Amino acid sequence: MAGLRKMRILWPLVFLLGPVEADPVEVHIVCHTHDDVGWLKTVDEYYSGQNNSIQHAYVHMILDTVVQSLAMNRNRTFTYVEQAFFVRWWRQQDAATRALVKTLVKEGRLEFTNGGWCMHDEAAPHYIDMIDQTTLGHKFLMDEFGVAPRTGWQLDPFGHSATQAALLSAEVGFQGLFFGRIDYQDLQLRQQDRAAEFIWRASPSLGPAAQVFSGLTGSYHGNYGPPDGFQFDVNNLDETIQDDPNLEDYNVKSRVDGFVAAALAQANMTRGKNIMMTMGSDFQYEDALTWFYNLDRLIQHVNEDGRIKVFYSTPSRYVEAKQKETMVKWPLKEDDFFPYADGPHKFWTGYFTSRPTLKRYIRDTSAFFQVAKQITALAESGTQGLEHLAEALGVAQHHDAVSGTAKQHVTFDYAKRLARGRSLAYPEVSKALKTHMGKASVQDFTLCELRNVSLCALTQAVGRSTNRTCFALWNGLARPREELIELPVSSKNLEVVQAETNEAVPIQLVRSLPSVTNYGSDAGGAKDTLLAEVKLPPLGFSGFCLQQVEGKTAPESQLMKDAELIENENLAIHFAGGMMSKITDKVNNMSIRAEQNWFWYNASVGNAESSQVSGAYIFRPNRSQANPVFTGLPFMQVFHGELADEVVTSVGSWVHQRLRLAKKASHVEITYTVGEIPADDGLGKEIVSRFSTDLQTAGTCFSDSNGREMLQRKRDFRPSWDFNQTEEVAGNYYPIATSLFIRSQQSQLTVLTDTSQAGTGCVRDGEIEMMVHRRLFKDDGRGVGEPLNETQFVTSYVEDPKGQHYGPGLVTRGQHWLHLGRPSNTAKSWRPLMDRLYMAPVPFFTAGEVAFRKSWTNWLPKNLEVISLASWGPKTLLLRIAHQFGVGEDPELSKPAKLNFEFLFPGHSITSIEERGLGGTISKDEVEHRRIQWPLEDEAAPGAPLGRMRSARSTVGVVTFGPLQIRTFLLQFGEAVFI
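All values reported here derive from a predicted model rather than from experimental measurement.

Peer 1: What is the right way to look at the overall build of the protein chain in this model?
Peer 2: Summing up its helical and strand segments, the protein chain has 17 helices and 47 strands in all. Radius of gyration (C-alpha) of the protein chain: 28 Å, near the 30 Å computed for a compact globule of 979 residues. For the protein chain, long-range pairs separated by at least 24 residues make up 75% of all intrachain contacts whose partners lie at least 6 apart in sequence. Carbon and sulfur atoms provide 51% of the accessible area of the protein chain, an area that totals close to 33,800 Å². For the protein chain, the distance from the average site of its 98 positive side-chain charges to the average site of its 113 negative ones is 4 Å.

If you want it as structure tokens, here you go:
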């Protein structure tokens with residue numbers, strides 16, 4: 001196992017519930033390798049065996065020798081996961097090798113489990129990214145082998161989400177889900193109660209139909225390797241099988257006895273006679289014959305012994321065997337597995353925020369990718385460049401990528417891949433946009449990648465070197481919207497007009513955000529930003545032009561001296577001491593104290609209670625009280641404008657924020673700039689934005705699961721066991737992918753974030769904390785081998801394996817949106833806001849002209865949204881539509897919604913509609929057919945049949961969506977109607 005991150009938690013063997021079943025235990029040997037898609041080395045270094053001074057790993061040889069070993073013995077089986085590696089290998093193989101592999105897959109000797117591009121993280125990714133990277137891998141497997149994985153295999157992620165169980169397992173068509181890591185207290189209890197395998201029903205909205213059989217791996221000891229003493233990888237020190245009596249050290253009896261003991265111990269931690277042993281670990285089977293040679297002999301001699309049965313197997317065969325044990329009743333789990341701790345004081349809650357700029361770049365790229373797929377699909381344009389971007393995003397969802405837990409040079413590689421993927425996608429998107437414009441434009445389109453730091457050459461040129469720049473503003477949501485778009489400018493004599501009509505839209509000139517090191521106004525960035533109020537059609541674009549006007553200046557924000565209030569028709573925001581102090585909801589006639597301040601936790605370097613330090617994975621403050629970022633009075637300026645009021649605040653020298661209240665808004669937007677975090681005192685710092693209210697919350701808050709279900713959290717509590725808290729702050733932090741709220745009987749305060757972060761509303765009543773940045777100087781001992789001290793530069797790992805960091809520290813910028821409302825109906829506001837924050841309008845700039853407006857769909861019902869629209873072949877679109885409200889969130893919008901496809905694409909000839917599973921490669925009927933009715937231990941009689949939705953397969957149709965249900969369709973059209 002690679003480093004302490006892979007450390008196994010050892011427990012005494014427990015036989016507290018009596019002997020195992022009378023029938024002999026049947027041991028399913030599942031040979032596997034866990035191949036990180038980047039961690040200590042880049043994905044390409046791992047594949048090609050480079051940079052082995054850091055870690056020895058050579059995935060190309062793993063796949064070569066596994067295939068060779070399987071071909072030598074028909075009894076052998078192997079299970080593989082990460083398609084990012086397998087596809088690299090597959091593209092290099094000759095026809096004979098491909099034919100052999102196809103035979104192995106067809107015969108079930110080589111099985112793909114999970115089947116995504118990577119083994120994605122479960123805390124940080126957005127659910128759409130989880131679906132996309134899974135679809136990418138599954139489509140390859142279906143195209144090349146005609147197979148769709150039947151099991152999930154999330155061995156290594158550091159906690160497990162409700163979304164993984166409900167969407168990325170049950171709705172994909174997985175019959176089982178297996179993973180290694182759960183909290184050490186939960187693990188010990190499951191060992192004692194024979195609950196290492198269970199039924200996971202994670203979504204109250206989707207209900208029993210989305211439950212999945214789930215089990216632990218690694219002999220139920222908290223990881224995913226073989227039993228102790230049976231690690232047969234090349235160069236491993238465990239004792240091999242020596243079964244030739246003519247040679248010294250004959251050890252068949254001791255080896256058999258040891259294996260039987262391990263099998264019986266494992267069987268006593270679950271139910272039924274079948275158990276699965278995961279024989280393999282990180283980057284193993286580079287010399288696969290070493291493994292198989294010993295396993296062949298182990299299987300032979302254990303079966304000759306007769307006390308147990310043992311044989312090669314796969315995860316899907318194992319689930320099939322468990323299904324046949326009809327008399328076994330299973331425990332039920334209904335919560336998730338966050339946060340994860342592998343010991344007292346060792347909560348893996350820091351990585352929810354680690355490397356915040358990478359997390360935000362991934363999220364921003366995700367939204368661009370959705371728009372790019374829409375634009376090219378509706379133009380029936382090429383997608384080769386988009387495939388490069390899809391693969392880069394797929395790698396980025398890996399549980400050491402978006403998690404922020406890879407080495408620095410690997411993190412740079414993830415970002416480089418995203419940048420390259422975006423650049424390769426731009427020409428195709430530009431070509432498709434030109435198609436959509438008709439004859440309006442003959443010029444290419446481009447993006448302004450640094451618009452968030454007030455840099456855009458095309459807009460800044462207006463009034464200096466050109467008189468006009470036009471842009472198409474794409475709305476990726478399937479509903480019309482009004483937004484304020486930001487344009488960095490260098491002139492004040494400007495206007496924004498609608499394309500073709502030349503009608504001016506409302507504008508306001510505001511100050512640009514403070515510069516970021518090496519960007520912003522210090523490096524050519526605009527000092528002013530123009531706000532333009534725009535209206536956009538659903539799933540389409542509007543065209544606009546930024547142009548110079550002589551003798552007319554854009555209306556500017558006005559500095560308001562001594563102002564302590566900004567307001568519009570919906571909200572009033574009060575300030576005291578330079579920071580927000582109160583929010584008044586005028587619509588609902590209520591006010592709450594809402595004091596915002598910035599704090600930092602001093603990272604622990606170990607103490608008498610534990611030597612555990614804070615690091616890339618672990619969050620552990622040295623005390624429960626945080627320190628204010630600035631002890632003086634923050635510098636605050638209030639600006640009033642025609643479109644928005646803004647409050648710009650500097651909290652000391654390295655935290656700045658802008659609070660914006662748009663004129664029609666029902667929410668507040670906070671844009672923060674944090675860093676560089678001071679390092680001169682040698683103290684690691686974890687930066688939080690805290691909102692303190694007078695809400696009576698009883699230690700309860702609600703956090704999202706990858707942007708889907710909202711889960712109730714309680715202070716110092718876990719629903720599944722009697723929890724012993726050892727870290728009152730870190731042990732109450734949760735992953736916040738999109739949203740967190742606290743509420744009393746009368747009021748609810750919701751915070752939305754533009755990227756995944758660590759957060760809590762449970763540490764203290766009425767308080768929300770969002771961790772936005774971290775800078776640490778100790779490694780936390782989980783294998784990455786370097787502190788989380790992000791700087792602009794790092795020395796080459798070839799020259800210096802320690803990778804010395806130097807240059808300015810990382811600066812991060814992000815957004816929090818705040819919404820106040822009544823708990824009974826506030827979801828109708830914050831749920832759509834969550835979609836708006838994720839899918840911001842994307843401006844595509846051009847030196848030519850643009851069309852006025854174009855839309856491809858009618859409005860959807862208010863509780864539905866298009867989350868995927870992509871090309872799936874000639875005249876065929878993949879369409880995913882999601883119900884965006886959970887059960888009980890809103891008296892009306894949580895109800896089922898109906899959609900008529902004729903209404904969705906009016907005037908277009910849909911010749912067929914086929915409903916697919918969430919992964920897009922198998923029919924919905926097949927997904928339903930795969931569902932298994934598992935007996936539960938607390939049910940006196942077999943449960944009610946699992947809810948099954950009738951699939952859609954017709955030329956036209958009306959389909960119904962339940963709360964938070966996502967349905968996937970293939971639509972075929974009679975002709976190229978969209979262009």
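Having seen it, we continue.
Peer 1: I keep staring at the confidence of the model for the protein chain and nothing clicks. Help me out?
Peer 2: Any segment with low pLDDT has predicted coordinates that should not be analysed in fine detail. On average, residues of the protein chain score 93 in pLDDT, and 94% of them reach the 70 mark or higher. Contacts of residues 1-20 to residues separated by more than four positions or lying in other chains number 68 contacts, the stretch itself having pLDDT below 50. In this model residues 518-522 is a low-confidence stretch, pLDDT under 50, and it forms twelve contacts with partners more than four residues away in sequence or in other chains.

Peer 1: Just to check I follow, could you spell out unusual backbone geometry for this structure?
Peer 2: Comment: phi is negative for the bulk of residues other than glycine, and the bulk of peptide bonds are trans. The amide bond that connects Phe338 to the next residue, Pro339, takes the cis arrangement and shows omega of -10 degrees. Tracing the chain through its elements places Pro339 in the loop between strand E10 (332-333) and helix H11 (356-378). Geometrically, the link from Gly675 to Glu676 is a cis peptide bond, its omega value of -5 degrees lying close to zero. Note that Glu676 resides in the loop between strand E27 (668-674) and strand E28 (685-693). Of note in the backbone geometry, Glu380 takes a positive phi value of approximately 50 degrees without being a glycine. Position of Glu380 relative to the elements: it lies in the loop between H11 and helix H12 (384-396). According to the relative accessible area criterion, Glu380 is partly exposed, its value standing at 37%. The backbone of Asn706 shows a phi angle near 55 degrees, a positive value even though the residue is not glycine. By the secondary structure assignment, Asn706 is in the loop between strand E29 (700-704) and strand E30 (710-714).

Peer 1: Is there a simple way to explain the nonpolar core in this structure?
Peer 2: Generally speaking, nonpolar side chains in soluble globular proteins are found buried as a group. In terms of nonpolar packing, the biggest core is built from 207 residues, with Val27, Ile29, Phe86, Phe259, Tyr285, Leu295 and Phe844 touching the most fellow members. For Phe259, the residues in contact, after removing those within four places along its chain, are Val27, Ile29, Phe230, Met277, Leu298, Val302, Ile308 and Val310. Ile670, Phe691, Ile736 and Ile768 belong to the second largest nonpolar core, which has 29 residues in total.

Peer 1: What is the right way to read the UniProt feature "domain: Glycoside hydrolase family 38 central" (unreviewed entry) in the protein chain from this model?
Peer 2: With numbering matched to this structure, UniProt assigns "domain: Glycoside hydrolase family 38 central" (unreviewed entry) to residues 346-418. Secondary structure across residues 346-418 divides into 64% helix and 0% strand, with the first and last C-alpha atoms of the span separated by 32 Å.

Peer 1: Would you mind showing me how to read the packing of H11 against helix H13 (residues 408-437) here?
Peer 2: Helix packing for two helices is described by the angle between their axes and how far apart those axes are. The N-to-C vectors of H11 and H13 enclose an angle of 25 degrees; their axes lie 9 Å apart at closest approach. Between H11 and H13, the angle is such that the two are roughly parallel. Crossing handedness for the pair H11 and H13: left-handed. A class-by-class count of the residues in the contact of H11 with H13 yields 16 nonpolar, four polar and three charged.

Peer 1: Is there a simple way to explain the sheet that holds E10 in this structure?
Peer 2: Sheet strands associate in pairs through backbone hydrogen bonding, adopting either a parallel or an antiparallel arrangement. If you walk across this open sheet you meet the five strands as E4-E5-E7-E6-E10, and the pairing is mixed. What marks the edges here is a single partner per strand, and that holds for strand E4 (151-154) and E10. Summarising the sheet, strand E5 (residues 176-179) and strand E7 (residues 212-216) pair through four bridges and their orientation is parallel. Counted as the bridge partner of Phe179 is Leu216 from E7.

Peer 1: Sorry, what's going on with the environment of Ser430 here?
Peer 2: Position of Ser430 among the secondary structure elements: in helix H13. Once residues within four sequence positions are removed from consideration, Ser430 is found in contact with Asp444 and Phe445. A polar atom in the side chain of Ser430 sits 2.8 Å from the backbone nitrogen of Phe445.

Peer 1: Quick question: what am I supposed to make of the packing of helix H5 (residues 127-145) against H11 here?
Peer 2: H11 packs onto H5 with a crossing angle of 60 degrees between their chain directions and a minimal axis gap of 10 Å. It follows from the interaxial angle that H5 and H11 lie oblique. Between H5 and H11 the crossing geometry is left-handed. Of H11, the residues touching H5 (which contributes Ile128, Asp129 and Asp132) are Ser366, Phe369, Gln370 and Lys373. Along the lines of polarity and charge, the residues of the contact of H5 with H11 split into two nonpolar, two polar and three charged.

Peer 1: Just checking my understanding: could you explain the side chain of Gln748 for this structure?
Peer 2: Among the secondary structure elements, Gln748 is positioned in strand E33 (residues 748-753). Judged by relative accessible area, Gln748 falls into the buried class, the value being 1%. Within the structure, the side chain of Gln748 is placed 3.1 Å from the side chain of Thr750, a separation counted as a polar contact. Those residues within four positions of Gln748 in sequence are excluded, and the remaining contacts are Phe741, Ile742, Arg743, His819, Leu820, Gly821, Pro823, Thr826 and Trp830.

Peer 1: Sorry if this is basic, but what is going on with the state of the cysteines here?
Peer 2: Disulfide: a covalent bond connecting the sulfur atoms of a pair of cysteines. Throughout the structure, instances matching the rule amount to two disulfides. Disulfide partner of Cys448: Cys456, at an S-S distance of 1.9 Å. Linking Cys448 and Cys456, the disulfide has an S-S dihedral of approximately 45 degrees and is accordingly described as right-handed. Pair check on accessibility: Cys448 and Cys456 agree, each one buried. Between the sulfur of Cys470 and that of Cys545 lies a disulfide, 2.0 Å long from S to S. Its S-S torsion of approximately 95 degrees makes the covalent link between Cys470 and Cys545 right-handed. Of this pair, Cys470 sits in strand E12 (residues 468-475) while Cys545 sits in strand E17 (residues 540-548), and the two are 75 residues apart along the sequence. The exposure classification of Cys470 matches that of Cys545, with both residues buried. When the bonded cysteines of the protein chain are counted from the start of the sequence, the pairing works out to 1-2, 3-4.

Peer 1: What am I meant to see in the pattern of salt bridges here?
Peer 2: When their charged atoms lie close together, side chains carrying opposite charge are able to pair. All chains considered together, the criterion is met by 64 salt bridges. Of the charged contacts, one joins Glu325 and Lys322 as a salt bridge, the two residues approaching to 3.7 Å between their closest N and O atoms. By relative accessible area, which is 0% here, Lys322 ends up buried. Between Glu865 and Arg479 there is a salt bridge; the shortest N-O distance is 3.2 Å. With a gap of 386 residues between them, Glu865 in strand E41 (residues 864-873) and Arg479 in the loop between E12 and strand E13 (481-489) connect regions that are remote in the sequence. Comparing Glu865 with Arg479 shows no difference in burial state: the two are buried.

Peer 1: Would you explain the sheet that holds strand E16 (residues 528-536) in this entry?
Peer 2: Strand order in this open sheet of three strands is E13-E16-E15, and the pairing throughout is antiparallel. Of all the strands in the sheet, just E13 and strand E15 (507-511) have a single pairing partner and so form its edges. The sheet shows a mean angle of 30 degrees between the axes of neighbouring strands, taken without regard to direction. Note that E15 and E16 share five bridges and pair antiparallel. Bridge pairing in E16 places Val510 opposite Thr529.

Peer 1: Any chance you could explain the packing of aromatic side chains here in plain terms?
Peer 2: Given two aromatic rings, their pairing is described by the distance between the two centres and the angle made by the two planes. Evaluation of the coordinates by the stated rule reveals 51 aromatic pairs. For the ring pair Phe368 and Tyr426, a centre distance of 5.6 Å and an interplane angle of 75 degrees mean the geometry is edge-to-face. Residue Phe368 is found in helix H11, and its partner Tyr426 is found in helix H13; the two are separated by 58 residues along the sequence. Tyr426 shares its class with Phe368; the two are buried. Aromatic pair Phe905 and Phe973: ring centres 6.1 Å apart, planes at 80 degrees, arrangement edge-to-face.

Peer 1: Would you explain a nonpolar patch on the surface in this entry?
Peer 2: A grouping of Met72, Leu289 and Tyr293 is seen on the molecular surface, where their side chains present a nonpolar patch of about 300 Å² in accessible area. For Met72, the position within the fold is in helix H2 (residues 59-72).

Peer 1: I tried to follow the environment of Asn73 on my own but got confused; where do I start?
Peer 2: Assignment of secondary structure puts Asn73 in the loop between H2 and strand E2 (78-80). Reaching out from Asn73, the side chain makes a polar contact with the backbone nitrogen of Asn75 at a distance of 2.9 Å.

Peer 1: Got a minute to help me understand helix H9 (residues 288-305) in this structure?
Peer 2: Helical periodicity: at 3.6 residues per turn, an α-helix aligns residues three or four positions apart in one direction. Here H9 is 18 residues long and its end C-alpha atoms lie 26 Å apart, about the 26 Å a rise of 1.5 Å per residue gives. Of all the positions in H9, only Ala288, Trp291, Phe292, Asn294, Leu295, Asp296, Leu298, Ile299, His301 and Val302 are classed as buried. Lining the buried residues of H9 we find strand E1 (26-31), H2, E2, helix H8 (252-267), strand E8 (274-279) and strand E9 (309-312). Once H9 ends, the next one or two residues include Gly306, with phi positive near 90 degrees.

Rules used throughout
Per-chain numbering applies: the sequence of each chain, read as written, is numbered from 1 onward. Per-residue local features of the predicted model are confined to residues with pLDDT of at least 70, and side-chain atom pairs are confined, for both listing and counting, to 80 or more; whole-chain, interface and lining totals are unaffected and use all residues. As a rule here, side-chain values come from all non-hydrogen atoms in the structure, and water together with hydrogens is ignored. Here a strand is any run of E in DSSP of at least two residues, a helix any run of H or I of at least four, and the numbering for each starts at the N terminus. What the globule rule says is 2.2 Å times the number of residues to the power 0.38, and the radius of gyration is computed from C-alpha atoms. Any two residues whose heavy atoms approach within 4.5 Å are treated as being in contact. In short, Shrake-Rupley with a 1.4 Å probe defines the accessible areas, and a residue's cover is counted only from the protein chains shown. In summary, the charge assignment counts Lys and Arg as positive and Asp and Glu as negative, without counting His or the chain termini. Where a charge lies is defined by one atom per residue type, namely NZ (Lys), CZ (Arg), CG (Asp) and CD (Glu). Confidence of the prediction at every residue is given by pLDDT, a number between 0 and 100. Residue burial is assigned from relative accessible area. The probe radius is 1.4 Å, only protein chains are included, and a residue is buried under 20% of its type maximum, exposed over 50%, and partly exposed in between. Among buried residues, those of type Ala, Val, Leu, Ile, Met, Phe, Trp, Tyr and Cys that are joined through side-chain atoms within 4.5 Å constitute a nonpolar core. UniProt positions are given in the numbering used here, feature names are shortened, and annotations may be inferred rather than shown by experiment. Interaxial angles span 0 to 180 degrees and are taken between N-to-C directions of axes, which are lines fitted to C-alpha atoms, for helices over the stretch in contact. Any angle from 65 to 115 degrees is called roughly perpendicular, while one under 35 is roughly parallel, one over 145 is roughly antiparallel, and all others are oblique. Handedness of a helix crossing follows the sense of rotation of the near helix relative to the far helix, less than a right angle counterclockwise being left-handed and clockwise being right-handed. Classification convention: Asp, Glu, Lys, Arg as charged; Ala, Val, Leu, Ile, Met, Phe, Trp, Tyr, Cys, Pro as nonpolar; all other residues, Gly among them, as polar. In short, DSSP must find at least two bridges between two strands for them to pair. Polar contacts, as counted here, are pairs of nitrogen or oxygen atoms within 3.5 Å of one another; within protein the pair requires one atom able to donate a hydrogen and one able to accept it, and residues that are adjacent in sequence qualify only if both atoms are side-chain atoms. In this description, a disulfide is simply a cysteine sulfur pair whose atoms lie within 2.5 Å. Within this document, salt bridges are pairs made up of a side-chain nitrogen of Lys or Arg and a carboxyl oxygen of Asp or Glu, the two lying within 4 Å of each other. Note on ring pairs: Phe, Tyr and Trp rings are taken, using the six-membered ring of Trp, and paired if centres are within 6.5 Å. Classes follow the plane angle, with under 30 degrees stacked, over 60 edge-to-face and the rest tilted. Every patch collects residues that have over 30% relative accessible area and no salt bridge, joining them within 9 Å if they carry like charges and within 5 Å if they are nonpolar side chains (Val, Leu, Ile, Met, Phe, Trp, Tyr). Given the number of residues in a helix, its expected span is that number minus one, multiplied by 1.5 Å.

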